[in-house]
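What follows is the residue order along each chain.
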Amino acid sequence: MTGAAGRRRRAAGWSLAARYLLLLAVLALTVGPFLWQLSTSLKGPGEDIYRFPPSLLPHHPTLANYAEVARVIPVWDFALNSLKVAAANVLTNCAGAALAGYALARLRFRGRRVAVVVFIMAMLVPVESIMIAQFMTLRQLQLHNTLLGVVLPGCIGAMNVLLMRNAFAALPYEVEEAAFVDGASAWQRFVRIALPSVKGTLAVVAVFAFMGAWDDFLWPLIVLSDQSKFTLTVGLNYLHGTFADNQRLVAAGSVIAVLPLIVLFAGLQRYFFRGVGEGAVKG
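Residues numbered from 1 in each chain as written. Predicted model: local features only at pLDDT ≥ 70, side-chain atom pairs only at ≥ 80, totals over all residues. Heavy atoms only, no water.

## What to know about the overall build of the protein
Next, step 1: The helix and strand tally for the protein stands at 13 helices and zero strands.
Next, step 2: Ordered by position from the N terminus, the helices and strands of the protein form the series α-α-α-α-α-α-α-α-α-α-α-α-α.
Next, step 3: In terms of C-alpha radius of gyration, the protein reaches 24 Å, well past the compact-globule figure of 19 Å for 283 residues.
Next, step 4: In terms of overall dimensions, the protein has a C-alpha envelope of 80 × 75 × 35 Å along the principal axes.
Next, step 5: The buried share of the protein, reckoned over its 283 residues, is 35%.
Next, step 6: Considering only contacts in the protein between residues 6 or more positions apart, those separated by 24 or more positions represent 74%.
Next, step 7: Approximately 17200 Å² of the protein is accessible, and the part contributed by carbon and sulfur atoms is 69%.
Next, step 8: Between the averaged position of the 24 positive side-chain charges in the protein and that of its 14 negative side-chain charges there is a distance of 12 Å. (Helix = DSSP H or I, 4+ residues; strand = E, 2+ residues; numbered from the N terminus. Rg over C-alpha atoms; globule rule 2.2 N^0.38 Å. Buried < 20%, exposed > 50% of the residue type's maximum accessible area, 1.4 Å probe, protein only. Contact = heavy atoms within 4.5 Å. Areas by Shrake-Rupley, 256 points an atom, 1.4 Å probe, with all protein chains shown as cover. Lys, Arg positive; Asp, Glu negative; His and termini not counted. Charge placed at Lys NZ, Arg CZ, Asp CG, Glu CD.)

So, in structure tokens, the structure goes:
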């Protein structure tokens, strides 16, 4: 018995060690590239960024690369444009997805199941296949080369609607039935009871919407032609040139672009992880 118990403890120890090794490998793959970019952005012109073995810690850290990025391109103007687009995308997705999700989960109307299927099918359509149609529509509406034209196609995402629908569907009906008996309207039940109960899923929708708008490159590149309206991802592309390609500046620009995402996630992570469970897809 003692020998069997020892073998079980050793097996449990090896299993725990394997899990930690796997977690360390995943951490290196996910966080490693960002740390490399951060290290490169802090290295001066005298340090070799292509040396082998690579050096992660700069010998003489400097912030000159960030100042140079601001000198080469109007990076803060581009960042402000991206912030406008991302903020509008968050507001429209949170409001629109919450309203649509509540209607699909709680209200009884003809064609509700068909609407759910339509949202699911919309997720299966590649964005690249409809970009030409979207751009032609914006031209007809005279919205090309505007930040509003960048926002409109992604103002309400199908996945966000389904997340909110599943979150509302998971709420117990008894709470709303009590409010219904007390005379509360559908709008009052939505605002006062349902919406405060799914704050975690709203945080998930907000993070996804912000990331999608902030990181988007192809659609703003197609829609915008005026440099003063460029978003940050499009503007950073000017750090790559035919005759100049300073990887230190590219790394500094990448870090500037990533920092708002880190701040947003750090502020909403408590609600984010709770919301993943609220809006989980059920069979």
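## Re a nonpolar patch on the surface
Next, step 1: Taken together, L21, L24, L27, V31, L35, W36, L56 and L57 make up a surface patch of nonpolar side chains, about 760 Å² in accessible area.
Next, step 2: Among the structural elements, L24 can be located in helix α1 (residues 2-41). (Patch = residues over 30% accessible without salt bridge, like charges linked within 9 Å, V, L, I, M, F, W, Y side chains within 5 Å. Salt bridge = Lys/Arg side-chain N within 4 Å of Asp/Glu carboxyl O.)

## Here's the deal with the layout of surface pockets
Next, step 1: The space that makes up the largest pocket amounts to roughly 830 Å³.
Next, step 2: Around the largest pocket, the lining comprises 28 residues; the ones closest to its centre are V127, P153, G154, I156 and G157.
Next, step 3: Taken together, the elements giving at least two residues each to the lining of the largest pocket come down to α3 (75-106), α4 (112-124), α5 (131-140), α6 (147-151), α7 (158-169), α10 (199-215) and α11 (218-223).
Next, step 4: If one sorts the elements of the lining of the largest pocket by residue count, α10 sits on top with five residues.
Next, step 5: Residues that form the lining of the largest pocket fall into these classes: 19 nonpolar, eight polar and one charged. (1 Å grid on protein atoms, 1.4 Å probe; cavity = no way out; pocket = protein on both sides within 12 Å on 5 of 7 lines; lining within 4 Å. Points joined across faces, edges and corners; volume = space filled by probe spheres on them. Nonpolar A, V, L, I, M, F, W, Y, C, P; charged D, E, K, R; others polar.)

## Section: the environment of Q227
Next, step 1: Considering the arrangement of structural elements, one finds Q227 in the loop between α11 and α12 (232-236).
Next, step 2: Taking the C-alpha atoms as reference points, Q227 and Q134, 93 residues apart in sequence, are found 21 Å from one another.
Next, step 3: With residues up to four places along the chain from it excluded, the contact list for Q227 reads P74 and F78.

## Comments concerning the confidence of the model for the protein
Next, step 1: With 91% of its residues at a pLDDT of 70 or more, the protein shows a mean pLDDT of 83.
Next, step 2: Contacts from residues 279-283, a stretch scored under 50 in pLDDT, to residues over four places away or in other chains number eight contacts. (pLDDT = per-residue confidence, 0-100.)

## Describing helix α2 (residues 64-72)
Next, step 1: What α2 keeps buried is the set N65, Y66 and V69. End-on view of α2: buried residues confined to an arc of 105 degrees, all on one side of the axis. Within α2, the exposed residues directed more than 90 degrees away from the buried face are A67 and R71. (Arc of directions from axis to C-beta.)

## A short note on the packing of α3 against helix α9 (residues 186-197)
Next, step 1: Here α3 crosses α9 at 110 degrees, and the two axes come no closer than 12 Å. Between α3 and α9, the angle is such that the two are roughly perpendicular. For the pair formed by α3 and α9, the contact residues are A98, L99 and Y102 on the first element and A186, W187, R189, F190, A194 and L195 on the second.
Next, step 2: Among the residues making up the contact of α3 with α9, the classes are represented as eight nonpolar, no polar and one charged. (Axes fitted to C-alpha atoms, helices over the stretch in contact; angles between N-to-C directions. Parallel < 35°, antiparallel > 145°, perpendicular 65-115°, else oblique.)

## Here we look at the state of the cysteines
Next, step 1: Within the structure shown, the criterion is met by zero disulfides.
Next, step 2: Cysteine C94 is unpaired, with the sulfur of C155 as its nearest cysteine sulfur at 13 Å.
Next, step 3: Of the residues examined, C94 reaches a relative accessible area of 18% and is grouped as buried.
Next, step 4: Overall, C155 belongs to the partly exposed group, its relative accessible area being 23%. (Disulfide = S-S within 2.5 Å.)

## Some words on unusual backbone geometry
Next, step 1: A positive phi angle, near 60 degrees, is found at Q142, a position not held by glycine.
Next, step 2: Here Q142 is to be found in the loop between α5 and α6.

## Topic: the pattern of salt bridges
Next, step 1: Within the structure shown, the criterion is met by one salt bridge.
Next, step 2: Residues E68 and R71 are paired through a salt bridge, measuring 2.5 Å at the closest nitrogen-oxygen approach. A residue pair is termed a helical-turn pair when its members lie 3 or 4 positions apart in one helix, as E68 and R71 do in helix α2 at three residues.
Next, step 3: For R71, a relative accessible area of 61% translates into the label exposed.

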